[in-house]
Each structure stands twice: as C-alpha cells, then as structure tokens.
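Each chain is listed here by its residues.
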Amino acid sequence: MTDISNLLSQLSTLLGPRGLLTEASDTAPYAEDWRKLYQGSTPAVIRPADTAELAEAVKLCVAAGVAVVPQGGNTSMVAGATPDANNTQLVLSLSRMTKIRAIDAVDLTMTIEAGVTLKAAQNAAAEAGCLLPLSISSEGTAQIGGVLATNAGGNNTVRYGNARDLVLGLEVVMADGEIWNGLRRLRKDNTGYCLRQLFVGSEGTLGVITAAVLKLAPRPTEIEVALCAVASAEAALELFTRFNRHDPAAISAFEYMSGAGMAFVAKHIPGANVPFKAAHYALIELATPRRNARLREGLEEVLAAAMEEEIVIDAVIAESEAQRLSIWKLREEHAEAQKREGASVKNDVSVPVSRVPELLARAAVAGQNLIPGMRMVPFGHMGDGNIHLNFEQPLDMPGAEFLARDHDIMDMVGEIVRDLDGSFSAEHGVGRLKPYMMPSWRGGAELAAMQRIKAALDPCGLMNPGKVLP
Ligand code: MLT
Ligand code: ZN
C-alpha cells in the first residue's frame, strides 16, 4: 500500500485548497450514491480547475498506485461513481470545470467542459437559438462528463438518439495522465478506430472525459405536449404507432407511465397536478423548427380518432409553457416519488418497441409469483423500448428484507427480457450494481474484447475499479 499522506500533500500543492477536500464532512456526500445503496469511503476528493491540473493529478495518483473514481453530478442509478468502502480510492470531481468553450449556430455544435450541468448546457444552447436534444430527469444535477461517460439516454432518444449520437469530439485525460485532444467538430472523419465512442459509455473505467463537442439541433418553434389516459399498454403502443405513421419526424418524446407510479407522484411531489386517474398513461411531445407546421392540428386529429376507438380514454393538451412543464413534471418526478415511497429495485431494461406490452404483462405475473404484494412501477421511454421496470417493496415487508431480494427480482425480470431479445441495462449503465450480470449477458468474445481494451488503456487498473467489468 502506498503512502497516501504523501500523495495528498503533493495533490494539495498542485491543486490548492479549493482543489482538494479531505475533511470527512466535505467528502461524505461524494462517497454515497444517489439511491443510497452503497456507503463508500474516500480519503479525499480531487477537484481540478482545468484539464491540465486534472492530468497532473492523475499522473500523481498513477505514480502512487492510487485509484480514482471520476464523478460528475453523482446521479448514477447504478452507483457508477461511488468509491468502495476501503477508504483507498480518491474521488475525482469534475464540478469545477464549467466552461462553455464555444457554440457555433452554423455548424450546430457546442464545445463544453465536463462539469457543466446538462440543464446549463441546454440553456446555453437555447440562448444561441439552438437545441441540445438530450433530456433526462436528473438534468439539473447531472453533468456533461457523466452524461457522456454513461451514454445517457432519456426522453428524446426516440428522435435524436442517445448521448453517444450527439458526440462529435472529446477531450480525455487518459489513464496514464496524458491528454488526448480529440475536440474535432467534423461531421465526417473516417480515420481509424473511433476512440471517442470507446470512452462514451465506458463509465470512467478507461479515462476521464474532460470536454466534448456536442451536436446541436435547430431550436423548435412549435411544441405540443399531451398527456393521455390509455386503455392498456397495448393501447399506448398503438397510439405511438399512429403518431409514427402520421408524422414520425415530429415525435420528440413518447413516454409510458402506470397508474401506480402516477399515484406515487401525486402523493409525494408537492405541486404535482394529475388531471385524471388511470391505470396507464402516455405522454406525447411533438416538436419542430418548421414554421406553420400545425402540429396542434395533427395532434388533435390522431387523438380524436384514438378516442373514438377507445384507445385513448381521456387526454389533456398543454395550452401554455407552464402547462407543458407541469405535464412533464408528472413524468420526470417518477424516480424521486418512488424513492420517497420506500425501497425499490430498479430494472432499466429495453426490448424491441413492439414487445413492451408483453414485457409488462409477463413481469406483472412473474413479480407477484416471486414476492406477493410487490408493487410494479413501470415507466419510461416507450418510444425507444426502454422501460424502467421498477418494483416497490410490499406494504407489509420491511425495506431491508425487500432489498435483500434484489438479485432475485432482477433475475426474474432479466429472464423475461432475455426471452424478448432485450438488454438488462438500456440507459443507466452497469456501474457497481450490475457487473455480475456481464458474463451471462455479454460473455464470450464480447466481454473478452472489453477486458483486453481495459487492460490496454488502463494497465494498472486505477480508473474506476470495480465498475462495468466483473
Ligand atoms: C427516468 O427516466 O426518469 C430515469 O431513468 C429514472 C429511473 O429509472 O428511475
Ligand atoms: Zn430513463
């Protein structure tokens, strides 16, 4: 074991008092994950002011043989940015690197540092008359570096793809402390292995993303949002299919929610205004930069026909920006409301879009067989096949007892998902919670290649150890 106090004094000289936290009261919030599943411990949090400082800090850690855990807004759902409990891993926080280096409204690009929150990045893009088309529930806290390192998905994937689809260039501090400046903003660049895509989704296990060039889109001038009570999950899928046939280019989000989740939101989120009670809900957002696109007419037309056929039972269309936000709040507060209700096991799964209703039906039955009284709270991005198939503790079962069954629950869901040709993690990543699933889902040539990549880029194994790979 290295002399950590020697390393800390070198880091203190390099980073100054703002750049290094060592008091337990200061470091504690960085050592626990958002879901409070893991209580880690760290001797220090490194907070570099810029890429050069960060690179020097990594070099010092490598020389001392000390591991680093890169951390953005610490909103991971799979504890991807939490140190272990041994008090030997340093947290590397990007939160002081908050410069928006450039926005180009002609190229439709934004060059931005890793510590900028997604919300601040969206706002900066909007001020330049553009749209950063990535939206997730934690966007007020989540930072660009983490969003890219985890290849976040979110509400607009149906139209614009995941975080990886928005990345043109990256700046990365490699595991040995060398800086790779790949901040190119080219739409075409066909020059060997696509390194940037290796770092996107690597969850900090290969290097540290310090800045990125992101693709922007023209800012929509017409936006319409509707919340519908639908007859069933099949009806929600049918509604999505109808909007797709009507005008696929206009759909910017298509979300599913259950009555159970909506009831939690109504109960736990102040100011949540649920317009009607239903067993199944769909949220549709249409948006376009085209002038006079008459989205409202199209929306009403599709909804009226669906109501006629009792696919849609009730619907409300936002009449103002405030109403639009209040409809979105009902969806975006699902994770928070579920947390307040009690202990939950999350399954961030994806299946082909056409199989979402079957997934929900089978999981409802299998869930009750496994733990009677367990409450299924499915919600999420139906338009791209990603459902948060979460379960809440039964009312008569203590939270700890329920959480002790988490692998049973995840295995039960996993079996159904595998049968439906899906994935065990659609957007939350693997983190510390799910590496044990990798051999059975990604084993053989795929996992072996990942392990060789890890060994090649991080030969000392000091980048976010214990995450992603088993
Ligand atoms: C969401 O879409 O709100 C999140 O991914 C949260 C969750 O799975 O709980
Ligand atoms: Zn999600």
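Everything discussed here concerns the structure shown above.
Now for a quick tour of the structure. Numbering of residues starts from 1 in every chain and runs along the sequence as written. Working convention: letters from A go to chains and numbers from 1 go to ligands, in the order in which they are written. pLDDT decides what is reported in this predicted model: residues at 70 or higher carry local features, side-chain atom pairs at 80 or more are listed and counted, and totals for whole chains, interfaces and linings draw on all residues regardless. For the side-chain quantities, the full set of heavy atoms in the structure was used; hydrogens and water were omitted.

## Structural notes on the pattern of salt bridges
Phase 1: One speaks of a salt bridge when a side-chain nitrogen belonging to Lys or Arg is within 4 Å of a carboxyl oxygen belonging to Asp or Glu. Following the criterion strictly, the structure yields 27 salt bridges and no others.
Phase 2: Among the ionic pairs, Glu-358 bridges to Arg-362, the shortest N-O distance being 3.1 Å. Placement of the pair is Glu-358 and Arg-362 together in helix α13 (residues 356-370), with a separation of 4 residues, close to one helical turn.
Phase 3: Relative accessibility under 20% of the residue-type maximum defines a buried residue, over 50% an exposed one, and the middle range a partly exposed one, all with a 1.4 Å probe and only protein chains included. Look at Arg-362 and you get partly exposed, because its relative accessible area is 30%. Secondary structure elements are taken from DSSP: a helix is a run of H or I of four residues or more, a strand is a run of E of two residues or more, and numbering for both begins at the N terminus.

## Description of helix α3 (residues 51-64)
Phase 1: To estimate the expected span of a helix, subtract one from its residue number and multiply by 1.5 Å. Here α3 is 14 residues long and its end C-alpha atoms lie 20 Å apart, about the 20 Å a rise of 1.5 Å per residue gives.
Phase 2: Those residues of α3 lying buried are Thr-51, Glu-53, Leu-54, Ala-55, Ala-57, Val-58, Cys-61 and Ala-64.
Phase 3: Where α3 begins, one side-chain oxygen reaches toward the backbone nitrogen of Ala-52, 3.3 Å away; that side chain belongs to Asp-50.
Phase 4: Count one or two residues on from α3 and you reach Gly-65, which has phi positive near 70 degrees. Any N or O atom pair separated by 3.5 Å or less is treated as a polar contact, with the protein-specific requirement of one donor-capable and one acceptor-capable atom, and with residues adjacent in sequence counted only for side-chain atom pairs.

## Here we look at the pairing of strand β5 (residues 100-104)
Phase 1: One bridge is not enough; two strands pair if DSSP finds at least two bridges between them. Direction of pairing for β5 relative to strand β6 (residues 109-113): antiparallel, over a ladder of 4 bridges. Following the sheet pairing, Ala-102 is matched in β6 by Thr-111.

## Quick word on the packing of aromatic side chains
The description of two aromatic rings rests on the distance between their centres and on the angle between their planes.
Phase 1: Only rings of Phe, Tyr and Trp enter the pairing, Trp through its six-membered ring, and a pair is recorded when the two centres are within 6.5 Å. The plane angle decides the type: under 30 degrees is stacked, over 60 is edge-to-face, the rest tilted. Using the criterion set out here, one finds 4 aromatic pairs in the structure.
Phase 2: Their ring planes at 35 degrees and their centres at 6.1 Å tell us that Trp-180 and Phe-199 sit as a pair that is tilted. Of the two residues, Trp-180 sits in strand β9 (residues 179-182) while Phe-199 sits in helix α7 (residues 195-199), which places them 19 residues apart along the sequence.
Phase 3: According to the relative accessible area criterion, Trp-180 is buried, its value standing at 18%.
Phase 4: Look at Phe-276 and Tyr-281: their rings are 6.2 Å apart centre to centre, the planes differ by 10 degrees, and that puts the pair in the stacked class.
Phase 5: For Tyr-281, a relative accessible area of 2% gives the class buried.
Phase 6: We call a charge positioned above a ring when the Lys NZ or Arg CZ atom is no farther than 6 Å from the ring centre and deviates by at most 35 degrees from the ring normal. Between the NZ or CZ atom of Lys-339 and the centre of the ring of Trp-34, over which it lies, the distance is 3.8 Å.
Phase 7: A cation sits over an aromatic face here: Arg-418 above Trp-441, 4.1 Å from the ring centre.

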